[in-house]
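Analysis of the macromolecular model
Single-letter residue listing:
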Amino acid sequence: MSFQVEGKVAVVTGGSSGIGLAAVEILVAEGAKVAWCGRDEQRLAESKLYILEKYPHAHVFTQVCNVLDKEDVKNFAHTVKQHLGNVDMLINNAGQGRVSTFENTQDEDWMKEIELKYFSVLHPVRAFLDDLKNSAIGSVTNVNSLLALQPEPHMIATSSARAALLNLTHSLAHEFIKYNVRVNSILLGMVESAQWKRRFETRSDLNQSWEEWTANIARKRGIPMQRLGKPEEPARALVFLASPLASYTTGSTIDVSGGFNKHL
Ligand code: NDP
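Residues numbered from 1 in each chain as written. Predicted model: local features only at pLDDT ≥ 70, side-chain atom pairs only at ≥ 80, totals over all residues. Heavy atoms only, no water.

So, on to helix α8 (residues 232-242). Along α8, the residues that are buried comprise Pro 234, Ala 235, Ala 237, Leu 238, Val 239, Leu 241 and Ala 242. In this fold, the buried residues of α8 make contact with α1 (18-29), β4 (89-92), β5 (139-145), β6 (182-188) and β7 (253-256). (Buried < 20%, exposed > 50% of the residue type's maximum accessible area, 1.4 Å probe, protein only. Helix = DSSP H or I, 4+ residues; strand = E, 2+ residues; numbered from the N terminus. Contact = heavy atoms within 4.5 Å.)

Here's what the structure looks like:
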């Protein structure tokens, strides 16, 4: 069974690498028209080249856009509509985590984290909501983290802001039922991607390979599957929730954590 998104229009924020790019690729392979954004122009151009080399006939659009800049996002929404048409699926993926404990998280860091987790979703939702309301299959799908339910002391601000995003996602799901727009999220564990590659570059033992380093993290953290996830694993869950295959699902989450989820 396909995801039933052929000819539909999807937007992926932060689509230039990692999980976002993996979601872009699945959507393109399924025949959707896909727009994505990121802040770094070169990374964005490289991601577009990568997709077009593999799928030369794909209908795609990219634009540099910081999801924390309201005007930037409004402008992105406007040009996406001009290039690809009315948007059916919005995937809010742009962002990053903050590694810090209570002791070393300054007030400004708390504010930045709260701004990132709320407004990386609120700005795109506002900008694309009219399109989603006009769609027969409108959906918003947020990338969230298992930290929302299972906080970690070394990521105190991110954990707390993730819990707020889960709560917000639930509220939006209920508010948007009247528009026939579904809102769901995925809860990630640890997934191989640029964030982890950057941390790998600063590892203490430079002799450790990527495989050894990631397996070591999985072992130390007690991930039952004993490995980090691959970007395409959460991406498949994202595309499922965004697609008409999940037509009776809203206000829901899919856990993609390799069994790290300890709650019922
Ligand atoms: P990557 O760093 O590979 O990808 C992040 C993407 O978001 C990039 O395209 C980046 O491009 C873009 N981005 C970041 N900030 C902004 C912004 N303000 N405006 C627009 N684009 C932005 O990371 P992942 O694929 O791992 O992360 C994807 C999402 O999953 C993130 O929200 C992350 O917090 C979340 N997550 C990831 C986990 C993991 O283990 N990998 C665990 C839990 C959550 P650019 O920098 O050029 O803007």
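Neighbouring the ligand are 29 residues, the closest being Ser 16, Ser 17, Arg 39, Asn 93 and Ser 193. In this structure, a nitrogen atom belonging to the ligand sits 2.9 Å away from a side-chain N or O atom of Asn 66. Here Ser 193 contributes a side-chain N or O atom positioned 2.4 Å from an oxygen atom of the ligand. Computed on the free molecule, the ligand has an accessible area of 880 Å², of which 94% lies beneath the protein chains in the complex. Of all the elements in the fold, those that place two or more residues in the shell around the ligand are α1, β5 and α6 (194-201). (Near = heavy atom within 4 Å. Polar contact = N/O pair within 3.5 Å; in protein donor to acceptor, adjacent residues only side chain to side chain. Areas by Shrake-Rupley, 256 points an atom, 1.4 Å probe, with all protein chains shown as cover.)

Locating Ser 47 in the fold gives a position in helix α2 (residues 41-54). Classification of Ser 47 by relative accessible area gives buried; the value is 2%. There is a polar contact of 2.9 Å between the side chain of Ser 47 and the side chain of Trp 36. Those residues in contact with Ser 47 that sit more than four places away from it in its chain are Gly 15, Ser 16, Leu 21 and Trp 36.

What follows deals with the pairing of β6. With seven of seven residues buried, β6 lies mostly within the body of the structure. In the sheet, β5 pairs with β6 via seven bridges, with the strands oriented parallel. By the bridge assignment for β6, Ser 139 is matched with Arg 182. For the crossover that starts at β5, traverses helix α5 (residues 156-176) and ends in the parallel β6, the hand is right-handed. The pairing of β6 with β7 spans four bridges and is classified as parallel. (Pairing = 2+ DSSP bridges. Right-handed = clockwise from strand over helix to strand, strands pointing away.)

So, about the domain arrangement of the protein chain. For the protein chain, the assigned domains read domain 1 (9-191 + 232-253) and domain 2 (194-228). Taken over C-alpha atoms, the centre of domain 1 sits 25 Å from the centre of domain 2. On the domain 2 side, the residues contacting the ten residues of domain 1 number nine residues. When the buried surface of domain 1 facing domain 2 is broken down by residue, Met 190, Val 191 and Glu 233 rank first, second and third, together holding 58% of it. Ionic pairing is found between Arg 227 and Glu 233, a salt bridge with its closest N-O pair at 2.9 Å. Where domain 1 packs against domain 2, one counts two residue pairs in polar contact (both at pLDDT 80 or more). When its residues are assigned to classes, the side of domain 1 that touches domain 2 shows four nonpolar, five polar and one charged. (Domains from an automatic or database assignment. Buried area = accessible area lost by both parts, 1.4 Å probe. Salt bridge = Lys/Arg side-chain N within 4 Å of Asp/Glu carboxyl O. Nonpolar A, V, L, I, M, F, W, Y, C, P; charged D, E, K, R; others polar.)

Before going further, it helps to examine the nonpolar core. In globular proteins that are soluble, nonpolar side chains generally tend to be buried together. Counting residues in hydrophobic clusters, the biggest one holds 33 residues, and the most contacted among them are Leu 27, Val 34 and Trp 36. Among the secondary structure elements, those contributing two or more residues to this core are β1 (9-13), α1, β2 (33-38), α2, β4, β6 and α8. Examining the composition of this core, we find that eight residues originate from one element, α1, more than from any other. Setting aside residues no more than four positions away along its own chain, Leu 27 makes contact with Val 5, Ala 10, Val 12, Ala 32, Val 34, Ile 91 and Val 239. If you look at the next biggest cluster of nonpolar residues, it comprises 28 residues, including Val 73, Leu 90, Phe 128 and Val 183. (Core = buried A, V, L, I, M, F, W, Y, C linked by side-chain atoms within 4.5 Å.)

Attention now moves to the sheet that holds β1. What the seven strands build is an open sheet, ordered β3-β2-β1-β4-β5-β6-β7; its pairing is parallel. Across the chains shown, the open sheet's two edge strands, defined by having one partner strand only, are β3 (60-64) and β7. Sheet twist, expressed as the mean angle between neighbouring strand axes with direction ignored, is 15°. Pairing analysis gives five bridges linking β1 to β2, with the strands arranged parallel. In the sheet register, Ala 10 faces β2, and the bridge partner there is Val 34. This element, helix α3 (residues 70-84), spans β1, β2 and β3 of the sheet and lies at about 160° to β3. (Axes fitted to C-alpha atoms, helices over the stretch in contact; angles between N-to-C directions.)

A few words now on the packing of aromatic side chains. The geometry of an aromatic ring pair is captured by the separation of the ring centres together with the interplanar angle, meaning the angle of the planes. Applying the stated criterion across every chain, the model contains six aromatic pairs. For the pair Trp 196 and Trp 213, a centre-to-centre distance of 6.1 Å together with 65° between the ring planes defines the contact as edge-to-face. With a gap of 17 residues between them, Trp 196 in helix α6 and Trp 213 in helix α7 (residues 210-221) connect regions that are remote in the sequence. Overall, Trp 196 belongs to the buried group, its relative accessible area being 10%. Look at Phe 200 and Trp 213: their rings are 5.4 Å apart centre to centre, the planes differ by 65°, and that puts the pair in the edge-to-face class. (Phe/Tyr/Trp six-rings, centres within 6.5 Å; stacked < 30°, edge-to-face > 60°.)

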